[in-house]
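Coordinate inspection notes
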Amino acid sequence: MKKLIQLFLTFLKIGAFTFGGGYAMIALLENEFIEKKKWIDREEFLNMVAVAESTPGPVAVNSATYIGYRVGGVAGAALSTLAVSIPSFVIIYLISLFFDKFLSLTYVAYAFKGIQVCVVYLIASAGVRMFKGLEKNVFNYVILGLVIVVMTVFSITAVSFSSIFYIVISGVAGCAVYMLRKYVGNSGKICSDTDTARNACSMRRYKMIYIELFLNFLVIGAVSFGGGYGMISLVRETVLSKGWLTESEFMSFIAVSESTPGPLAVNMATFIGSSQGGMFGAFMATLGVVLPSFVIILIIAAVLKNLLKYAGVNAVLSGIRPCIVAMIIATAISMGLNTLFGFADYTSSIAPDLRSMIIFMILFAVSFLLKKIWKKKLSPILMIVMSAV
């Protein structure tokens with residue numbers, strides 16, 4: 001029971017301080033469950049990230065469900081998923097009540113700007129630590145280098161390429177290397193480290209809106225890969241076709257959703273549900289978007305340990321692990337170019353943000369000094385608070 005309470009409180013804290021989607025949460029998860037509590041090792045953590053990225057639903061929710069199950073069984077999975085969703089549900093619901101006024105608050109914009117810089121730093125730090133934990137071999141270096149370069153170039157050139165493809169290709173490559181070594185006769189060890197103009201509704205439609213919200217977000221949650229960002233196109237198509245939001249409202253909300261804590265997918269579902277059906281509408285939409293990934297991750301987490309007994313599964317994961325590390329580092333690079341230098345893609349001109357660069361350097365300097373002189377690590381949550389101030 002004590003561990004279940006710890007799980008709930010830990011994910012409640014993580015959910016309240018996760019800005020920037022699933023990759024930002026990875027840094028907090030690593031700090032809590034590998035560095036501090038030591039409930040899972042780095043190898044299993046990379047497996048978890050691979051599973052969370054490769055299955056439908058929000059990456060942050062997938063991660064919470066997986067870790068919750070590994071630590072506390074089905075009850076742990078349910079409590080972790082609930083805890084990580086509560087902060088964003090409450091915050092986004094409150095924002096939805098005075099959305100227009102919230103956007104106009106200058107100090108809110110400044111705080112979020114500082115938080116965005118911290119998010120870049122946290123993601124980059126997590127990527128570097130995971131890189132240090134990878135087995136040092138040519139295959140890992142090749143996968144790591146290729147994925148970082150391709151993801152960064154695609155980001156700069158505004159080429160759309162789902163992260164699921166990087167994972168699938170890397171997994172196939174790992175399997176191919178295993179098969180090649182096996183049939184060539186080399187029995188060497190394969191790497192086994194191992195996201196307001198609405199149509200007037202009749203009274204009848206108002207009564208049905210809860211079911212409509214639940215079913216629409218259930219479908220979105222079941223078919224969207226790549227986390228909250230993978231859901232944006234489907235959510236946009238749904239809300240515009242049904243007249244729930246206008247294009248400008250949707251774009252404004254995405255900006256706010258990226259700058260507030262919690263999974264992007266949960267933020268979107270909560271806001272749209274609230275705008276159409278109040279608090280119960282927000283609950284139904286959020287439940288719909290979380291439920292598919294909860295069930296899928298629960299099943300995978302239950303059988304993954306047995307699957308790891310098979311050499312073929314380990315071979316696939318040996319290709320996916322360096323890919324995951326590369327994706328995290330590439331994300332940090334892309335976000336860093338945008339946040340620190342104002343360079344979103346090839347159509348943009350470079351416009352360095354001096355304030356953001358100073359915040360980034362202060363975070364690096366403080367973290368470095370604490371680690372080298374006092375042998376202590378600065379809490380990611382404290383970094384976020386510092387950056388906001």
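Below: a short report on this structure. (Residues numbered from 1 in each chain as written. Predicted model: local features only at pLDDT ≥ 70, side-chain atom pairs only at ≥ 80, totals over all residues. Heavy atoms only, no water.)

**Comments concerning the overall build of the protein**
So the rule is basically this: Helical segments are the DSSP runs of H or I of at least four residues, strand segments are the runs of E of at least two, and each set is numbered from the N terminus. Type-normalised accessible area, obtained with a 1.4 Å probe on protein chains alone, sets the label of each residue: buried when under 20%, exposed when over 50%, and partly exposed for intermediate values. To measure how exposed things are, a 1.4 Å probe is used in the Shrake-Rupley method; for residues, cover is taken only from the protein chains shown.
Helix and strand counts for the protein come out as 15 helices and 0 strands. Counting all 389 residues of the protein, 50% fall into the buried class. For the protein, the accessible surface area stands at approximately 17700 Å², while carbon and sulfur atoms represent 69% of it.

**Section: the packing of aromatic side chains**
Under the convention used in this document: Aromatic rings from Phe, Tyr and Trp, taking only the six-membered ring of Trp, are treated as a pair when their centres fall within 6.5 Å; an angle between ring planes under 30 degrees marks them as stacked, one over 60 as edge-to-face, and anything in between as tilted. Note on criteria: charge over ring means Lys NZ or Arg CZ within 6 Å of the ring centre, with the direction from the centre no more than 35 degrees off the ring normal.
By the definition in use, this model includes 6 aromatic pairs. Consider the rings of Y210 and F280, whose centres lie 4.9 Å apart with planes at 80°: the pair is edge-to-face. In this pair, Y210 is assigned in helix 9 (residues 203–223) and F280 in helix 12 (residues 264–307), connecting sequence segments 70 residues apart. Aromatic rings pair up to connect F11, F33 and W39 into one cluster. Taking the ring centre of W39 as reference, the NZ or CZ of K37 above it sits at 5.8 Å. Here the guanidinium or amino end of K136 rests over the ring plane of F131, the centre of that ring lying 5.6 Å away.

**A look at the side chain of S367**
The following threshold applies: By the criterion applied in these results, polar contacts are pairs of N or O atoms within 3.5 Å in which, for protein atoms, one can donate a hydrogen and the other can accept it, and in which residues neighboring in sequence qualify only through two side-chain atoms.
Inspection of the secondary structure assignment puts S367 in helix 14 (residues 354–373). A polar atom in the side chain of S367 sits 2.8 Å from the backbone oxygen of L363.

**Quick notes on the nonpolar core**
What tends to happen in soluble globular proteins is that the nonpolar side chains get buried as a cluster. Note the cut-off: What we call a nonpolar core is a set of buried Ala, Val, Leu, Ile, Met, Phe, Trp, Tyr and Cys residues that are connected through their side-chain atoms within 4.5 Å. Throughout, a residue-residue contact means that at least one pair of heavy atoms, one from each residue, lies within 4.5 Å.
Residues F11, L29, F45, F217, I272 and I324 are the most contacted members of the largest nonpolar core, which totals 76 residues. Sorting elements by how many residues they give to this core places helix 12 first, with 14 residues. With residues near it in sequence (within four places) discarded, I324 still touches L46, V49, A50, E53 and I167. Of all hydrophobic cores here, the second largest spans 9 residues; its members include A27, Y121, L122 and L363.

**Some points on helix 14**
How we decide: By this rule, a helix spans an expected 1.5 Å times one less than how many residues it contains. Throughout, the arc means the angular range of directions from the helix axis out to the C-beta atoms.
Helix length check: helix 14 (20 residues) gives 28 Å between terminal C-alpha atoms against 28 Å at 1.5 Å per residue, within 8%. Among the residues of helix 14, S356, I359, L363 and S367 are the ones counted as buried. Along the axis of helix 14, the buried residues cluster in a sector spanning 65°; they form a single face. Projecting away from the buried face of helix 14 at angles above 90 degrees are the exposed residues L354, M361, K372 and I373. Regarding helix 14, its N-cap is D353, as a side-chain oxygen of that residue lies 3.2 Å from the backbone nitrogen of R355 further along.

**Digging into the pattern of salt bridges**
Applied cut-off: The working definition used for a salt bridge is a side-chain nitrogen of Lys or Arg within 4 Å of a carboxyl oxygen of Asp or Glu.
Tallying each qualifying case throughout the model produces 7 salt bridges. One salt bridge in this structure joins R42 and E30, with 2.6 Å as the shortest N-O distance. Here E30 lies in helix 2 (residues 22–36) and R42 lies in helix 3 (residues 42–54), a separation of 12 residues in the sequence. The class for R42 is partly exposed, based on a relative accessible area of 21%. A relative accessible area of 0% places E30 in the buried class. Close ionic contact of E44 with R70 constitutes a salt bridge, the shortest N to O distance being 2.6 Å. Of this pair, E44 sits in helix 3 while R70 is found in helix 4 (residues 59–97), placing the two residues 26 residues apart along the sequence. Taken together, the shared-partner salt bridges in this structure form one network comprising K13, E32, K36 and K37.

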